[in-house]
Amino acid sequence: MWKLARVAATRLTRSRRFSTAIPGPCMVHKRGADILHDPWFNKDTGFPLTERDRLGLRGLLPPRVISFEQQYARFMESYRSLEKNTQGQPNSVVSLAKWRILNRLHDRNETLYYRALIDNIKDFAPIIYTPTVGLVCQNYSGLFRRPRGMYFSAKDKGEMMSMIYNWPAHQVDMIVLTDGSRILGLGDLGVQGIGIPIGKLDMYVAAAGINPQRILPVMLDVGTNNQKLLEDRLYLGLRQPRLEGEEYLEIVDEFMEAVHARWPKAIVQFEDFQMKWAFETLERYRKRFCMFNDDIQGTAGVALAGLLGTVRAQGRPLTDFVNQKIVVVGAGSAGLGVLSMAVKALSRMAGNSEAGAGKQFFLVDKDGLVTKERNNLDPAAAPFAKAPGEIVGLREGATLHEVVKKVRPHVLLGLSGVGGIFNEEVLKAMRESDSTKPAIFAMSNPTLNAECTAADAFKHAGENIVFASGSPFENIDLGNGKVGYVNQANNMYLFPGIGLGALLSGARSISDGMLQAAAECLATYITEEEIEKGILYPSVDSIRHITAEVGAAVLQAAVAEELAEGHGEVGPKELQHMSKEEITEYITANMWFPIYSPLVHEK
Ligand SMILES: NC(=O)c1ccc[n+]([C@@H]2O[C@H](COP(=O)([O-])OP(=O)(O)OC[C@H]3O[C@@H](n4cnc5c(N)ncnc54)[C@H](O)[C@@H]3O)[C@@H](O)[C@H]2O)c1
Ligand SMILES: O=C(O)C[C@H](O)C(=O)O
Ligand SMILES: [Mg+2]
C-alpha cells in the first residue's frame, strides 16, 4: 500500500509542483544559478545532463552526476561523522551543531532535506522539534542567517492585505502562526519564537505529507515583555512592550482577514500563544475560519488518548475512566484544554450527562490546589475548581505534595512548564496511589522544563508506573532485563492529522467532533500487547502512518457533520460516498513524498 501511495504521491507531486509552470519545454520558469539557489528546485549534483543543458546549468556544476541515493548517503555520512566528532561535548553544543547541518540542507535542497527527515524522523525530530527547537528559539537572533516564513509586525498595521501577496507561492495550504508569547515552557521569546512554526510545519511535511511549497510559518510580532531581549542589541524583533487589548486583536484580525482573502481554504494553526490570547482567539475565529489552537485542542486529544490508554494499561475496562482520579498540574491553555476534553469524554460515557463529570479531577496551579474559594479565580479554571465540601482534608492552595498524598491519584499529569516540580517527595507519594500501576505524565517542554525526568519517575514512584513526557527521554533500564518504557505524549501525534483531514475535506471549520475523532483514532491505535508493556503512543517512526489514520478520521467526521466542502477536484458529494478504505487511500495518495521530479519535458 505504501508503495502505491508513493507512486500516487509522485504523480500528484508532479502535477502540483508544476501545474502553474509556463507552457513550453521547461517546467520551471527559472534558469541557471537561480535554480541552484532555489531550494525547492535545486538538485545540486543530481541534475541530469539533459536538464543541465536545457536549464543553463552546464558549467555551473562539477561534471559528474550523482544520484539522489548517493547524495542521501553522503549527507547521512556527514551527519553521522558530526555525531562522532562531537561526542563528549555539552548537549547544547551537539544539538545546535546537528540543527545547523540540517538547517543548511533545508536552505539548499528541500527534496533531500525532507527525505532525510522522513527516513530518520526518530533521530531528527528532537533536533527540528522539541527539545532543540527551544534552544534554537532562545538563540535565534544570533543564529539567524536566512529568513524563513513571514513576519507581520505591529508596524505593519494597515499593510497586511498587500504584504500577504509578497509570499512567492501561489497556493498555501497550511499556516502555523505564533506571537511568540509562550514558547514551550520558555516564556516570552518575542520574534525568536518563529522557530516553533517552522518546526511544526516540518512535522506537517514529514508526518502529514503536506507539500512544502504550500506551507507558511508566520510570526506576528506585537513586541515582547522579555526585558533581556529588549536590551539585547542583536534582538531582531520590535523593541517595544507587547500590544494589549483591542490594539492586539486588531493586528490578529487584520492578519486573519489578509490570509483568508488570498487563500480562503488555508488552515491556520495557532501555536504557543499565552493563555489569555490562546482562548480568546480560538473563540473569536473558530467559526469564521478553518483554524484550531494546537496547545489547547491538539494537546487535549493526545492527553485524552494517553489517559484512556492508562485505563487499559491498568487492566481495567474503558468505562472505568469515570473512576480515575487525575491530578492536573498547570491551569494554562494546555492543562485546561485537557480537562475540558476529558470532562466531555466522561459525560459522553455517562450518556451525555454533565452532572458530576470530572468530580475526580483535581487542578493545581502556581498557587496550589484550585478551589472555588480562591480570590480572583480565573473564569477559565472555575469549572474545575473544587467546592469546599468536595475535598475533605484539603484547603484552597494546598501544595502539590499535600494533594497527591491525600487524593492518591491514578494519574499525575503536568502541563506547568516548571522543570522538576514532580520532585522526589511528590513522586514517592505516588507510590501510595490507589492504582497499582499509576501513570505519570510530565508533558512540559523542552526537556529541562519537564516536571520530572523518566529516570526519577521510575526511581522514586516505582517500576510499575506508566510514564510519558512531552520531550523524548531514553527508555530506562530497570535491571534484570526489565525496561521502563518512555512514551512521548506530544501533540505531534495529532496536529498533523487534524490539519491534513481538515485540508483534504475542505472543512469550513474545525469542530469538536473532528477533534474528538482524532483523539479516538489515536487512542485505539495501540494494541493490547503494546498497552501491556506500558506503551500508550505509537513510535515516532510510524508517525506518517498514524497521521494518515488520524487524517482519515478527521475527514470522516467533517463529512458526517456536513462541514466538508471538498478539496481540489474532489467535491463534497464524492467525499460523502467514499468508504473508509477509499478515504484512507485518498488521504495517503495526497501525501507528498520527496523525490526529484523532472524539470524539463522529454522532447
Ligand atoms: N506535550 C505537549 O504536547 C504539550 C502541549 C502543550 C503545552 N505543553 C507544555 O505545557 C506547558 C504549559 O503550557 P501552557 O500553554 O498551558 O502554559 P500557560 O502559561 O498557559 O500555563 C502554565 C500553568 O502552569 C501553572 N504553574 C506555573 N508554575 C507552577 C507551579 N510551580 N506549580 C503548579 N503550577 C504552576 C501556571 O499557574 C499556569 O496555570 C509548557 O511547558 C508547554 O511546553 C506541552
Ligand atoms: O511544541 C511542542 O513540542 C508541544 C507543544 O506544542 C508545546 O507547546 O510544548
Ligand atoms: Mg505548542
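Only a predicted model underlies this, so the values are computations on that prediction, with no experimental measurement involved. (Residues numbered from 1 in each chain as written. Chains lettered and ligands numbered in written order. Predicted model: local features only at pLDDT ≥ 70, side-chain atom pairs only at ≥ 80, totals over all residues. Heavy atoms only, no water.)

Attention now goes to the nonpolar core. Soluble globular proteins tend to bury their nonpolar side chains together. Judged by nonpolar contacts, the single largest core of 137 residues is most densely connected at Phe-321, Phe-441 and Tyr-537. Looking at this core, the element that brings in the most residues is helix H23 (residues 543-560), giving 11 residues. Dropping the residues within four chain positions of it, Tyr-537 is found in contact with Val-302, Ala-303, Ala-305, Gly-306, Phe-441, Ala-468, Asn-487, Gln-488, Ala-489, Tyr-493, Leu-522 and Ile-526. Judged by nonpolar contacts, the second largest core, of 37 residues, contains Ile-164, Val-172, Leu-216 and Val-259. (Core = buried A, V, L, I, M, F, W, Y, C linked by side-chain atoms within 4.5 Å. Buried < 20%, exposed > 50% of the residue type's maximum accessible area, 1.4 Å probe, protein only. Helix = DSSP H or I, 4+ residues; strand = E, 2+ residues; numbered from the N terminus. Contact = heavy atoms within 4.5 Å.)

Taken as a whole, this structure holds 2 cavities of 30 Å³ or more when the rule is applied. Of the voids in this model, the largest cavity is the one considered here, and its volume is about 290 Å³. Taken together, 21 residues line the largest cavity, and the ones lying closest to its centre are Trp-99, Asn-103, Val-136, Arg-148 and Ile-198. Those elements that provide at least two residues to the lining of the largest cavity are helix H5 (91-108), helix H8 (132-138), helix H9 (140-143) and helix H11 (195-208). A breakdown of the residues in the lining of the largest cavity according to their chemical character gives 12 nonpolar, 4 polar and 5 charged. One number sums up the size of the second largest cavity: a volume of about 40 Å³. Lining of the second largest cavity is provided by Met-256, Val-259, His-260, Trp-263, Pro-264, Ala-266, Val-268, Phe-289 and Cys-290. The element that contributes the greatest number of residues to the lining of the second largest cavity is helix H13 (residues 245-262), accounting for 3 residues. Broken down by class, the residue content of the lining of the second largest cavity amounts to 8 nonpolar, 1 polar and no charged. (1 Å grid on protein atoms, 1.4 Å probe; cavity = no way out; pocket = protein on both sides within 12 Å on 5 of 7 lines; lining within 4 Å. Points joined across faces, edges and corners; volume = space filled by probe spheres on them. Nonpolar A, V, L, I, M, F, W, Y, C, P; charged D, E, K, R; others polar.)

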